[in-house]
Amino acid sequence: MNATLGIDIGGTKTLAALVGPDGAMLDQARADTPAAQGPDAVLRTAADLARRLGGTGPVGVGAAGVIDPATGVVRYATDSLPGWAGTPVAEALAQRIGRPVVVDNDVNAAALGESWAGAARGHAHVLLVAVGTGLGGGLVRDGAVDHGARGGAGEMAHLPAPDADELTCGCGRTGHLEGVASGTGLACAYRLRTGADVTGREVAARCAAGDAAAAEVLATAGHALGRTLAGLVALLDPQTVVLAGGAGEALLPHTRSAYAAERLPVHADVRLVPAALGVAAVAVGAARAAMTRRATRLPTDSGPTGTSSRPSSVTFPHTTETEPQ
């Protein structure tokens, strides 16, 4: 059976998976991402995993950051991958492994994976929101990722959210959805209420243990997220909304309640469902992108004058990348 290789390059782990033509993951290998060592070390790790698993044809990559889908260059990235902005991932990885490479943002890849082989299987129009340390989104239309004009479509982290008026988003501003509906937002809101400095994961654990303040924080975050998703459904008209990420799982009950209350009757059949592929979603979606999109050609070693063709960094100061797991 032919299998396509998909790679998930995140700030903490790199996962490679061989994916069959039906979306089934046939084999996998993973390694810690050597983020502190810089882009070359990150790409070397990804190439090592690719060579270990093999596969045929183009390789798909889902990577943290805002990615130019036409070139596979990272246009913006946070400090989770130092020096990552400006990295020509498609070109550099193709040089290392000798195969064409397709690159997309990791949340976009997760959305494509869930629409193809996960919670939204069989649906061509899907909105995915990934709520982890931060918040990100991906939009699939007609079975393909909708990238927008600059590769940044789906970045819902910075939508206005009144419940976040005193909470700081990853972009540095207040009043954005990520400021309230994210692991970082949960931790910040809980600290404002109690003075305790704990993680978003711990806030969820305290809620489960009966902590009233933690329960209020999760309810507020879930309400904000559910109302926003209902508005996005009215705007984008997807068939399914998929909620991914560890913090997303904790927020799901409150998010579903607010979503159902705010959703227009015409969209009553647009379900809000939890993601099904877990940590494999990005790699599976990246493999699907490699199957269906033209991969970057194998590059030459240099430009016409013998200098590197690596582009300069382009900064998107109000964008935050999010890993979906």
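Residues numbered from 1 in each chain as written. Predicted model: local features only at pLDDT ≥ 70, side-chain atom pairs only at ≥ 80, totals over all residues. Heavy atoms only, no water.

**Describing the sheet that holds strand 4 (residues 59-63)**
Sheet strands line up and pair through hydrogen bonds in the backbone, either parallel or antiparallel. Formally: Here, a strand pair is defined by DSSP locating no fewer than two bridges between the strands. Numbering of helices and strands runs from the N terminus; a helix is a DSSP stretch of H or I covering at least four residues, while a strand is a stretch of E covering at least two. Angles run from 0 to 180 degrees between N-to-C directions of axes, and those axes are lines fitted to C-alpha atoms, restricted for helices to the stretch in contact. Note on contacts: a residue pair qualifies if any of its non-hydrogen atoms lie within 4.5 Å across the two residues.
Sheet architecture is open: five strands sit in the order 3-2-1-4-7, paired in mixed fashion. Each edge of the open sheet is held by one strand with a lone partner, namely strand 3 (25-32) and strand 7 (101-105). Across the sheet, the axes of successive neighbouring strands diverge by a mean angle of 15°, strand direction being ignored. The pairing of strand 1 (residues 4-9) with strand 2 (residues 13-19) spans six bridges and is classified as antiparallel. The partner of Thr4 across the bridge, within strand 2, is Val19. Those strands touched by helix 1 (residues 39-53) are strand 1, strand 2 and strand 3, and its axis lies near 150° from that of strand 3. Helix-sheet contacts for helix 3 (residues 106-117) involve strand 2, strand 4 and strand 7, and the interaxial angle to strand 7 is about 100°.

**Details of the packing of helix 3 against helix 9 (residues 281-292)**
To be explicit about the condition: Under this scheme an angle from 65 to 115 degrees is roughly perpendicular, one under 35 degrees roughly parallel, and one over 145 degrees roughly antiparallel; angles in between are oblique. Classification used: nonpolar for Ala, Val, Leu, Ile, Met, Phe, Trp, Tyr, Cys and Pro, charged for Asp, Glu, Lys and Arg, polar for all others including Gly.
Orientation of helix 3 relative to helix 9, taken along the N-to-C sense of each, is 80°, at an axis distance of 7 Å. Classified by the interaxial angle, the pair formed by helix 3 and helix 9 is roughly perpendicular. Here Asp106, Ala109, Ala110, Leu112, Gly113, Glu114, Trp116 and Ala117 of helix 3 come into contact with helix 9, specifically with Ala281, Val282, Val284, Gly285, Ala286, Arg288, Ala289 and Met291. Taken together, the residues that form the contact of helix 3 with helix 9 break down as eleven nonpolar, two polar and three charged.

**Some words on the packing of helix 5 (residues 183-194) against helix 6 (residues 200-208)**
What counts is decided by this rule: The hand of a helix crossing depends on one turn: near helix anticlockwise from the far one by less than a right angle means left-handed, and clockwise means right-handed.
At a minimum axis separation of 7 Å, helix 5 and helix 6 run at an interaxial angle of 65°. Between helix 5 and helix 6, the angle falls in the class roughly perpendicular. In this structure, helix 5 meets helix 6 at a crossing whose hand is left-handed. Taking contact as the criterion, the partners of Gly183, Leu186, Ala187 and Tyr190 in helix 5 are, on helix 6, Gly200, Val203 and Arg206. When grouped by side-chain class, the residues that make up the contact of helix 5 with helix 6 number four nonpolar, two polar and one charged.

**A closer look at the nonpolar core**
Put simply, the rule reads: To qualify as a nonpolar core, a set must consist of buried Ala, Val, Leu, Ile, Met, Phe, Trp, Tyr and Cys residues joined through side-chain atoms within 4.5 Å. Burial classification: accessible surface area is computed with a 1.4 Å probe over protein chains only, and a residue below 20% of its type maximum counts as buried, one above 50% as exposed, and the rest as partly exposed.
One finds Leu135, Val180, Leu225 and Leu229 to be the most contacted residues of the largest nonpolar core, which totals 39 residues. Those elements that place two or more of their residues in this core are strand 8 (126-131), strand 9 (135-141), helix 4 (177-180), helix 5, helix 7 (212-236), strand 11 (240-244) and helix 8 (246-262). The element contributing the most residues to this core is helix 7, with twelve residues. The residues contacting Leu229, other than those within four sequence positions of it, are Leu127, Val129, Met156, Val241, Thr255, Tyr259 and Leu272.

Worth remembering: the numbers are spatial, not functional.
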